[in-house]
Amino acid sequence: MIYVLGSINHDISIELERMPKKGETTLADGCHMGLGGKGANQAVAIAKLARKYDDGRKAVQLIGKVGNDTIGTELKAKLESYGVGVDYVGQANRTTGTSVVAITGKDNRIMTYGGANISISKSDVDEALMNAQSTDALLCQMEVPLYIVAYALAQARMRGMTTILNPAPAVELPEDMYYNVDVIVPNETETKRLTGINPKDWDLQLAAMKEFHRRGVRYVALTLGANGCAISDNGKLVSHIPARKVKVLDTTGAGDTFVGALALTYPHVGMYSFEEACIFATRAASFTVSRYGAAESIPTFDEVCELYNTTIDA
Ligand code: ATP
Ligand code: RIB
(Lines give C-alpha, C1' and ligand atoms only; values in the text may rest on other atoms or scores of the structure.)
(Ligands and ions follow the chains in the order given, each with its own letter.)
Protein backbone atom coordinates (compact mmCIF):
# COMPACT_ATOMS: atom_id res chain seq x y z
CA MET A 1 0.00 0.00 0.00
CA ILE A 2 1.17 3.51 -0.78
CA TYR A 3 -0.11 6.27 1.49
CA VAL A 4 -0.08 9.71 -0.13
CA LEU A 5 -0.30 12.67 2.23
CA GLY A 6 -1.21 15.76 0.28
CA SER A 7 -3.42 18.36 -1.30
CA ILE A 8 -6.68 18.03 -3.20
CA ASN A 9 -7.50 21.05 -5.37
CA HIS A 10 -10.13 22.25 -7.75
CA ASP A 11 -8.09 23.28 -10.81
CA ILE A 12 -9.35 26.03 -13.09
CA SER A 13 -7.05 26.03 -16.13
CA ILE A 14 -7.09 28.93 -18.60
CA GLU A 15 -5.40 28.62 -22.00
CA LEU A 16 -3.78 31.87 -23.10
CA GLU A 17 -1.77 33.06 -26.07
CA ARG A 18 0.45 34.99 -23.63
CA MET A 19 0.43 36.00 -19.94
CA PRO A 20 -1.40 39.31 -19.27
CA LYS A 21 0.73 42.36 -18.42
CA LYS A 22 0.18 44.35 -15.22
CA GLY A 23 -3.35 45.82 -15.19
CA GLU A 24 -4.29 44.08 -18.45
CA THR A 25 -7.21 41.73 -19.14
CA THR A 26 -6.61 39.14 -21.86
CA LEU A 27 -9.17 36.94 -23.58
CA ALA A 28 -8.51 33.21 -23.12
CA ASP A 29 -8.66 30.56 -25.83
CA GLY A 30 -9.98 27.80 -23.56
CA CYS A 31 -10.93 26.86 -20.01
CA HIS A 32 -10.89 23.45 -18.29
CA MET A 33 -11.93 22.58 -14.74
CA GLY A 34 -11.10 19.40 -12.89
CA LEU A 35 -9.38 17.49 -10.13
CA GLY A 36 -5.89 18.68 -9.22
CA GLY A 37 -3.59 19.24 -6.28
CA LYS A 38 -0.23 17.55 -6.02
CA GLY A 39 -1.40 14.95 -3.50
CA ALA A 40 -4.51 14.06 -5.51
CA ASN A 41 -2.63 13.96 -8.83
CA GLN A 42 0.07 11.67 -7.45
CA ALA A 43 -2.52 9.37 -5.88
CA VAL A 44 -4.42 9.24 -9.19
CA ALA A 45 -1.18 8.47 -11.05
CA ILE A 46 -0.56 5.52 -8.73
CA ALA A 47 -4.16 4.27 -9.04
CA LYS A 48 -4.28 4.57 -12.86
CA LEU A 49 -0.85 3.02 -13.40
CA ALA A 50 -1.41 0.31 -10.77
CA ARG A 51 -4.09 -1.54 -12.68
CA LYS A 52 -1.44 -3.98 -13.88
CA TYR A 53 -0.83 -5.05 -10.31
CA ASP A 54 -4.54 -5.13 -9.42
CA ASP A 55 -5.23 -7.88 -6.91
CA GLY A 56 -8.54 -6.47 -5.74
CA ARG A 57 -6.95 -4.25 -3.09
CA LYS A 58 -6.39 -0.54 -3.55
CA ALA A 59 -2.80 0.40 -4.37
CA VAL A 60 -3.11 3.83 -2.78
CA GLN A 61 -4.84 5.61 0.10
CA LEU A 62 -4.88 9.41 0.08
CA ILE A 63 -4.63 11.29 3.39
CA GLY A 64 -6.13 14.73 2.83
CA LYS A 65 -9.00 17.14 3.24
CA VAL A 66 -11.59 18.65 0.94
CA GLY A 67 -13.96 21.45 1.93
CA ASN A 68 -17.56 20.98 3.05
CA ASP A 69 -18.77 22.39 -0.26
CA THR A 70 -20.23 20.79 -3.39
CA ILE A 71 -16.87 20.91 -5.19
CA GLY A 72 -15.22 19.03 -2.29
CA THR A 73 -17.84 16.27 -2.46
CA GLU A 74 -17.43 16.04 -6.25
CA LEU A 75 -13.63 15.87 -6.08
CA LYS A 76 -13.76 13.11 -3.48
CA ALA A 77 -16.12 11.11 -5.73
CA LYS A 78 -13.78 11.72 -8.69
CA LEU A 79 -10.82 10.36 -6.70
CA GLU A 80 -12.82 7.22 -5.93
CA SER A 81 -13.77 6.80 -9.58
CA TYR A 82 -10.05 6.65 -10.45
CA GLY A 83 -9.51 3.90 -7.87
CA VAL A 84 -7.91 6.04 -5.15
CA GLY A 85 -8.71 4.94 -1.58
CA VAL A 86 -10.47 7.82 0.21
CA ASP A 87 -10.84 6.26 3.68
CA TYR A 88 -8.65 9.07 5.06
CA VAL A 89 -9.99 11.97 3.00
CA GLY A 90 -11.97 14.12 5.42
CA GLN A 91 -14.16 17.20 4.93
CA ALA A 92 -13.08 20.37 6.71
CA ASN A 93 -15.20 23.38 7.49
CA ARG A 94 -13.36 25.45 4.87
CA THR A 95 -13.32 26.05 1.13
CA THR A 96 -11.84 23.26 -0.98
CA GLY A 97 -8.27 24.01 -2.12
CA THR A 98 -8.30 25.86 -5.43
CA SER A 99 -5.70 26.46 -8.14
CA VAL A 100 -5.83 28.84 -11.07
CA VAL A 101 -3.55 27.51 -13.80
CA ALA A 102 -2.53 29.85 -16.63
CA ILE A 103 -1.26 27.86 -19.63
CA THR A 104 0.68 29.45 -22.49
CA GLY A 105 2.11 26.96 -24.95
CA LYS A 106 4.80 24.99 -23.16
CA ASP A 107 4.63 27.00 -19.96
CA ASN A 108 2.29 27.17 -16.99
CA ARG A 109 1.91 29.40 -13.95
CA ILE A 110 -0.11 28.26 -10.97
CA MET A 111 -1.72 30.19 -8.12
CA THR A 112 -2.97 27.95 -5.31
CA TYR A 113 -5.24 28.65 -2.35
CA GLY A 114 -4.69 25.97 0.32
CA GLY A 115 -8.17 26.10 1.92
CA ALA A 116 -9.15 22.75 3.46
CA ASN A 117 -5.67 21.30 2.73
CA ILE A 118 -4.29 23.37 5.58
CA SER A 119 -6.61 21.64 8.09
CA ILE A 120 -4.85 18.24 8.07
CA SER A 121 -3.79 17.39 11.62
CA LYS A 122 -1.31 15.03 13.28
CA SER A 123 -4.22 12.88 14.47
CA ASP A 124 -5.37 12.49 10.82
CA VAL A 125 -1.89 11.14 10.04
CA ASP A 126 -1.91 8.86 13.12
CA GLU A 127 -5.29 7.42 12.17
CA ALA A 128 -4.22 6.73 8.58
CA LEU A 129 -0.87 5.15 9.44
CA MET A 130 -2.17 3.13 12.40
CA ASN A 131 -2.06 -0.17 10.48
CA ALA A 132 0.75 0.69 8.05
CA GLN A 133 3.44 -1.97 7.58
CA SER A 134 7.16 -1.79 6.83
CA THR A 135 6.36 -2.99 3.28
CA ASP A 136 4.22 0.13 2.71
CA ALA A 137 5.38 3.53 1.44
CA LEU A 138 4.55 7.14 2.33
CA LEU A 139 4.66 9.83 -0.34
CA CYS A 140 4.45 13.54 0.54
CA GLN A 141 4.65 16.94 -1.16
CA MET A 142 4.59 20.45 0.32
CA GLU A 143 1.04 21.70 -0.26
CA VAL A 144 0.02 20.75 3.28
CA PRO A 145 1.67 22.31 6.37
CA LEU A 146 5.42 21.62 6.69
CA TYR A 147 5.15 20.42 10.31
CA ILE A 148 2.57 17.81 9.27
CA VAL A 149 4.84 16.52 6.48
CA ALA A 150 7.79 16.36 8.90
CA TYR A 151 5.64 14.51 11.44
CA ALA A 152 4.29 12.01 8.89
CA LEU A 153 7.79 11.24 7.53
CA ALA A 154 9.07 10.62 11.06
CA GLN A 155 6.09 8.35 11.83
CA ALA A 156 6.62 6.42 8.61
CA ARG A 157 10.33 6.04 9.33
CA MET A 158 9.51 4.67 12.80
CA ARG A 159 7.35 2.03 11.13
CA GLY A 160 10.15 1.12 8.71
CA MET A 161 8.14 2.31 5.68
CA THR A 162 9.77 3.63 2.49
CA THR A 163 9.47 7.43 2.37
CA ILE A 164 9.34 9.56 -0.77
CA LEU A 165 9.33 13.36 -0.83
CA ASN A 166 8.43 15.59 -3.75
CA PRO A 167 9.45 18.98 -2.26
CA ALA A 168 6.91 20.94 -4.30
CA PRO A 169 6.23 23.79 -4.15
CA ALA A 170 9.77 24.70 -3.07
CA VAL A 171 10.07 25.72 0.57
CA GLU A 172 13.09 25.66 2.87
CA LEU A 173 13.20 22.29 4.68
CA PRO A 174 14.68 21.65 8.13
CA GLU A 175 17.98 19.69 7.82
CA ASP A 176 16.79 16.86 10.08
CA MET A 177 13.83 16.16 7.80
CA TYR A 178 16.12 14.74 5.11
CA TYR A 179 17.11 11.84 7.40
CA ASN A 180 13.55 10.57 7.18
CA VAL A 181 13.50 10.64 3.37
CA ASP A 182 14.59 7.64 1.26
CA VAL A 183 13.77 9.07 -2.17
CA ILE A 184 13.61 12.78 -3.11
CA VAL A 185 12.15 13.99 -6.41
CA PRO A 186 12.66 17.75 -6.94
CA ASN A 187 12.32 19.66 -10.23
CA GLU A 188 14.91 22.25 -11.35
CA THR A 189 13.38 25.17 -9.40
CA GLU A 190 13.09 23.11 -6.22
CA THR A 191 16.65 21.79 -6.60
CA LYS A 192 17.98 25.34 -6.91
CA ARG A 193 15.98 26.53 -3.90
CA LEU A 194 16.97 23.59 -1.68
CA THR A 195 20.64 23.16 -2.63
CA GLY A 196 21.58 26.58 -4.02
CA ILE A 197 22.75 24.79 -7.21
CA ASN A 198 21.03 25.52 -10.52
CA PRO A 199 21.13 22.06 -12.21
CA LYS A 200 21.48 23.37 -15.76
CA ASP A 201 24.16 20.93 -16.90
CA TRP A 202 25.29 17.40 -15.98
CA ASP A 203 28.11 18.52 -13.64
CA LEU A 204 25.74 20.78 -11.72
CA GLN A 205 23.12 18.01 -11.61
CA LEU A 206 25.73 15.68 -10.10
CA ALA A 207 26.71 18.34 -7.56
CA ALA A 208 23.08 18.94 -6.55
CA MET A 209 22.38 15.21 -6.20
CA LYS A 210 25.53 14.81 -4.10
CA GLU A 211 24.29 17.57 -1.81
CA PHE A 212 21.00 15.69 -1.23
CA HIS A 213 23.03 12.53 -0.42
CA ARG A 214 25.15 14.53 2.04
CA ARG A 215 21.94 15.50 3.82
CA GLY A 216 20.96 11.84 4.21
CA VAL A 217 18.81 10.94 1.17
CA ARG A 218 19.74 7.72 -0.63
CA TYR A 219 17.87 8.06 -3.96
CA VAL A 220 17.58 11.30 -5.95
CA ALA A 221 15.65 11.88 -9.18
CA LEU A 222 15.95 15.46 -10.49
CA THR A 223 13.24 16.07 -13.06
CA LEU A 224 14.37 18.28 -15.93
CA GLY A 225 11.19 18.97 -17.92
CA ALA A 226 11.63 18.20 -21.63
CA ASN A 227 15.16 16.97 -20.80
CA GLY A 228 13.91 14.01 -18.76
CA CYS A 229 15.66 13.40 -15.45
CA ALA A 230 19.00 12.87 -13.73
CA ILE A 231 19.16 10.12 -11.13
CA SER A 232 21.56 8.97 -8.45
CA ASP A 233 21.62 6.04 -6.03
CA ASN A 234 23.99 7.38 -3.38
CA GLY A 235 26.42 8.40 -6.14
CA LYS A 236 27.06 4.72 -6.96
CA LEU A 237 24.68 4.61 -9.91
CA VAL A 238 24.23 7.91 -11.77
CA SER A 239 22.39 8.29 -15.03
CA HIS A 240 20.54 10.70 -17.32
CA ILE A 241 17.21 9.51 -18.71
CA PRO A 242 15.97 11.48 -21.73
CA ALA A 243 12.29 12.32 -22.23
CA ARG A 244 10.42 11.41 -25.39
CA LYS A 245 9.74 14.27 -27.85
CA VAL A 246 6.00 14.88 -27.73
CA LYS A 247 3.57 17.60 -28.82
CA VAL A 248 3.09 19.58 -25.62
CA LEU A 249 -0.45 20.76 -24.82
CA ASP A 250 -0.33 21.27 -21.05
CA THR A 251 2.50 20.33 -18.69
CA THR A 252 0.32 20.50 -15.53
CA GLY A 253 0.67 17.26 -13.58
CA ALA A 254 3.80 16.05 -15.43
CA GLY A 255 5.88 16.17 -12.26
CA ASP A 256 3.06 14.49 -10.32
CA THR A 257 2.82 11.67 -12.87
CA PHE A 258 6.58 11.13 -12.61
CA VAL A 259 6.47 10.97 -8.80
CA GLY A 260 3.39 8.70 -8.69
CA ALA A 261 4.84 6.32 -11.27
CA LEU A 262 8.14 6.14 -9.40
CA ALA A 263 6.41 5.57 -6.05
CA LEU A 264 4.41 2.74 -7.56
CA THR A 265 7.12 0.92 -9.43
CA TYR A 266 10.08 1.19 -7.15
CA PRO A 267 9.59 0.90 -3.40
CA HIS A 268 6.10 -0.59 -3.38
CA VAL A 269 6.45 -3.45 -5.80
CA GLY A 270 10.16 -3.75 -5.22
CA MET A 271 10.83 -5.74 -8.36
CA TYR A 272 12.37 -2.97 -10.45
CA SER A 273 15.64 -1.16 -9.98
CA PHE A 274 15.59 2.55 -9.20
CA GLU A 275 16.77 3.25 -12.76
CA GLU A 276 14.04 1.08 -14.36
CA ALA A 277 11.41 2.79 -12.21
CA CYS A 278 12.70 6.24 -13.32
CA ILE A 279 12.60 5.19 -16.99
CA PHE A 280 8.95 4.18 -16.54
CA ALA A 281 8.22 7.42 -14.65
CA THR A 282 9.78 9.52 -17.44
CA ARG A 283 7.68 7.73 -20.06
CA ALA A 284 4.46 8.13 -18.09
CA ALA A 285 5.12 11.84 -17.41
CA SER A 286 5.85 12.60 -21.08
CA PHE A 287 2.42 11.17 -21.86
CA THR A 288 0.75 13.61 -19.44
CA VAL A 289 2.10 16.73 -21.19
CA SER A 290 0.37 15.72 -24.42
CA ARG A 291 -3.12 16.11 -22.86
CA TYR A 292 -4.98 18.92 -21.05
CA GLY A 293 -5.69 18.90 -17.33
CA ALA A 294 -4.02 17.48 -14.23
CA ALA A 295 -5.46 14.20 -12.86
CA GLU A 296 -7.43 13.73 -16.08
CA SER A 297 -4.33 13.78 -18.30
CA ILE A 298 -2.46 11.03 -16.40
CA PRO A 299 -2.15 7.83 -18.47
CA THR A 300 -3.03 4.28 -17.49
CA PHE A 301 -0.39 1.54 -17.49
CA ASP A 302 -1.70 0.19 -20.81
CA GLU A 303 -1.56 3.64 -22.43
CA VAL A 304 2.10 4.03 -21.46
CA CYS A 305 2.95 0.58 -22.80
CA GLU A 306 1.00 1.18 -26.04
CA LEU A 307 2.69 4.52 -26.68
CA TYR A 308 6.14 3.06 -26.27
CA ASN A 309 5.19 -0.29 -27.75
CA THR A 310 6.97 -1.88 -24.82
CA THR A 311 6.58 -2.98 -21.23
CA ILE A 312 8.42 -1.55 -18.23
CA ASP A 313 10.98 -4.33 -18.50
CA ALA A 314 12.19 -3.35 -21.98
P1 ATP B 1 4.84 20.41 -13.65
O2 ATP B 1 4.96 21.40 -12.54
O3 ATP B 1 4.69 21.02 -15.02
O4 ATP B 1 3.87 19.32 -13.39
P5 ATP B 1 7.48 19.71 -12.80
O6 ATP B 1 8.15 21.06 -12.91
O7 ATP B 1 7.17 19.21 -11.44
O8 ATP B 1 6.23 19.62 -13.75
P9 ATP B 1 9.23 18.69 -14.82
O10 ATP B 1 10.65 18.49 -14.48
O11 ATP B 1 8.88 19.88 -15.64
O12 ATP B 1 8.40 18.61 -13.47
O13 ATP B 1 8.68 17.40 -15.61
C14 ATP B 1 8.55 16.12 -15.00
C15 ATP B 1 8.69 15.06 -16.06
O16 ATP B 1 7.67 15.25 -17.04
C17 ATP B 1 10.00 15.09 -16.84
O18 ATP B 1 10.99 14.36 -16.16
C19 ATP B 1 9.58 14.46 -18.16
O20 ATP B 1 9.55 13.05 -18.03
C21 ATP B 1 8.15 14.95 -18.33
N22 ATP B 1 8.08 16.17 -19.15
C23 ATP B 1 7.93 17.43 -18.71
N24 ATP B 1 7.92 18.32 -19.74
C25 ATP B 1 8.05 17.58 -20.86
C26 ATP B 1 8.13 17.90 -22.25
N27 ATP B 1 8.07 19.16 -22.70
N28 ATP B 1 8.27 16.87 -23.14
C29 ATP B 1 8.35 15.59 -22.72
N30 ATP B 1 8.30 15.23 -21.41
C31 ATP B 1 8.16 16.20 -20.49
O1 RIB C 1 1.41 19.88 -9.81
C2 RIB C 1 0.24 20.38 -10.42
C3 RIB C 1 -0.74 20.81 -9.38
O4 RIB C 1 -0.18 21.90 -8.64
C5 RIB C 1 -2.04 21.34 -9.93
O6 RIB C 1 -2.99 20.33 -10.10
C7 RIB C 1 -2.43 22.43 -8.95
O8 RIB C 1 -3.59 22.18 -8.22
C9 RIB C 1 -1.23 22.61 -8.02
O10 RIB C 1 -1.44 21.99 -6.81
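Residues numbered from 1 in each chain as written. Chains lettered and ligands numbered in written order. Predicted model: local features only at pLDDT ≥ 70, side-chain atom pairs only at ≥ 80, totals over all residues. Heavy atoms only, no water.

Caption draft 1: Region of the structure containing the site of ligand 1. If you check the shell around ligand 1, you find 20 residues, and the closest are Asn187, Thr223, Gly225, Gly228 and Ser286. In the model, an oxygen atom of ligand 1 is placed 3.0 Å from a nitrogen or oxygen of the Thr251 main chain. In the environment of ligand 1, an oxygen atom lies 3.3 Å from a nitrogen or oxygen atom belonging to the backbone of Thr282. Expressed as a share of its isolated accessible area of 630 Å², the protein-covered part of ligand 1 is 85%. Looking at the shell around ligand 1, the elements with two or more residues in it are α7 (254–268) and α8 (274–288). Residues that form the shell around ligand 1 fall into these classes: 9 nonpolar, 10 polar and 1 charged. (Near = heavy atom within 4 Å. Polar contact = N/O pair within 3.5 Å; in protein donor to acceptor, adjacent residues only side chain to side chain. Areas by Shrake-Rupley, 256 points an atom, 1.4 Å probe, with all protein chains shown as cover. Helix = DSSP H or I, 4+ residues; strand = E, 2+ residues; numbered from the N terminus. Nonpolar A, V, L, I, M, F, W, Y, C, P; charged D, E, K, R; others polar.)

Caption draft 2: Quick look at the site of ligand 2. The environment of ligand 2 is made up of Asn9, Asp11, Gly36, Gly37, Lys38, Asn41, Ser99, Ile110, Thr112, Glu143, Asp256 and Ala294. At 2.7 Å, a side-chain N or O of Glu143 approaches an oxygen atom of ligand 2. Burial of ligand 2 by the protein amounts to 96% of the accessible area it has alone, namely 280 Å². Listed by contribution, the elements that provide at least two residues to the shell around ligand 2 are β2 (9–15), α1 (38–49) and β7 (107–113). Looking at the shell around ligand 2, its residues break down into 2 nonpolar, 6 polar and 4 charged.

Caption draft 3: Broad picture of the state of the cysteines. Within this structure, the stated rule accounts for 0 disulfides. Free of any disulfide, Cys305 has its nearest cysteine sulfur in Cys278, 17 Å distant. Judged by its relative accessible area of 16%, Cys305 falls in the buried class. (Disulfide = S-S within 2.5 Å. Buried < 20%, exposed > 50% of the residue type's maximum accessible area, 1.4 Å probe, protein only.)

Caption draft 4: Region of the structure containing the pattern of salt bridges. In total, this model carries 9 salt bridges according to the counting rule given. One salt bridge in this structure joins Asp233 and Arg218, with 2.9 Å as the shortest N-O distance. Placement of the pair is Asp233 in strand β12 (residues 229–233) and Arg218 in the loop between α6 (202–214) and β11 (219–223), with a sequence separation of 15 residues. By relative accessible area, Asp233 is classed as buried at 13%. Each of the salt bridges in this network shares a partner with another, and the network as a whole consists of Glu175, Glu211, Arg214 and Arg215. (Salt bridge = Lys/Arg side-chain N within 4 Å of Asp/Glu carboxyl O.)

Caption draft 5: Quick look at the pairing of strand β13 (residues 237–241). The pairing of β12 with β13 spans 5 bridges and is classified as antiparallel. Counted as the bridge partner of Ala230 is His240 from β13. From the end of β12 to the start of β13, which pair antiparallel, there are 3 residues, and Asn234 there has a positive phi angle of about 50°. (Pairing = 2+ DSSP bridges.)

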